[in-house]
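A closer look at the structure
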Amino acid sequence: MELLLLPFRLIYRGLVWFANSPRTLITSYLLMIVVAGVLYSHAEHKGAADSVWWAVVTASTVGYGDISPTTFAGRFLAALLISTMVLLVIPLITAHFASRLIVDDDAFEHAEQEELKADVRRLRALVEEMAARQGIVLPEPPRPAPEVTPGDRRVRRRRR
């Protein structure tokens, strides 16, 4: 089963890497427009400017209709370009910029979190020292739960 899921995991990791880089997203969008324009010009025997215009209009799903494919290869290319843009590239660009808008500026940075952890450790040591001087027995601190990641094999899902 693991072997069957491996390609999907690799694709997922690639998409995550791809989506987290605005430079990669914009570059891939422009590259797709240029490549689709070149392929369209060969398939439909159109000029470069018209072909790139067709690619931009088709990729944005506007479809003015001023230029449209007449050959099977041109129509297949149009379907592939529209599907790729609508199902992959545009959602990734939208998700990337939406995630930038949702970022919590008040969240603690890593260094701040580490400083807070150190402060809690020092406070715990002081409280234990004071309790020892007073002869008070402190309860054991709860053990932290092991950190679980989404790909962790130890995680078992309950069946309902």
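Our subject is the structure that appears above.
All of the points below concern the structure found in this document. On a predicted model such as this, the values are computed, not experimentally measured, just so you know.

Applying the stated rule across the entire model yields 4 salt bridges. The partner of Glu114 in a salt bridge is Lys117, and the shortest N-O contact between them spans 3.3 Å. Of the two residues, Glu114 and Lys117 both sit in helix α5 (residues 110-134), 3 residues apart, roughly one turn of that helix. A salt bridge links Arg133 to Glu129; the nearest nitrogen and oxygen atoms lie 2.5 Å apart. Of the two residues, Arg133 and Glu129 are both situated in helix α5; the distance of 4 residues between them amounts to about one turn of the helix. The exposed category is assigned to Arg133, whose relative accessible area is 64%. Residue Glu129 is classed as partly exposed on the basis of its relative accessible area of 38%.

Here the focus is the nonpolar core. Within the largest apolar cluster, 17 residues are counted, with the highest numbers of intra-cluster contacts made by Trp54, Ala55 and Leu81. Secondary-structure elements contributing two or more residues to this core are α1 (2-19), α2 (22-44), α3 (48-59) and α4 (72-102). Other than its neighbours up to four places away in sequence, Leu81 contacts Met32, Ala36, Trp54, Ala55, Thr58 and Ala59.

This paragraph deals with unusual backbone geometry. Phi at His45 takes a positive value of approximately 55 degrees, unusual for a residue other than glycine. Checked against the element boundaries, His45 lands in the loop between α2 and α3. For His45, a relative accessible area of 72% gives the class exposed. If you check the backbone angles, Thr61 has positive phi at about 60 degrees while not being a glycine. Looking at the element boundaries, Thr61 is found in the loop between α3 and α4. Residue Thr61 is classed as partly exposed on the basis of its relative accessible area of 45%.

Parameters and conventions
- Residues numbered from 1 in each chain as written.
- Predicted model: local features only at pLDDT ≥ 70, side-chain atom pairs only at ≥ 80, totals over all residues.
- Heavy atoms only, no water.
- Salt bridge = Lys/Arg side-chain N within 4 Å of Asp/Glu carboxyl O.
- Helix = DSSP H or I, 4+ residues; strand = E, 2+ residues; numbered from the N terminus.
- Buried < 20%, exposed > 50% of the residue type's maximum accessible area, 1.4 Å probe, protein only.
- Core = buried A, V, L, I, M, F, W, Y, C linked by side-chain atoms within 4.5 Å.
- Contact = heavy atoms within 4.5 Å.

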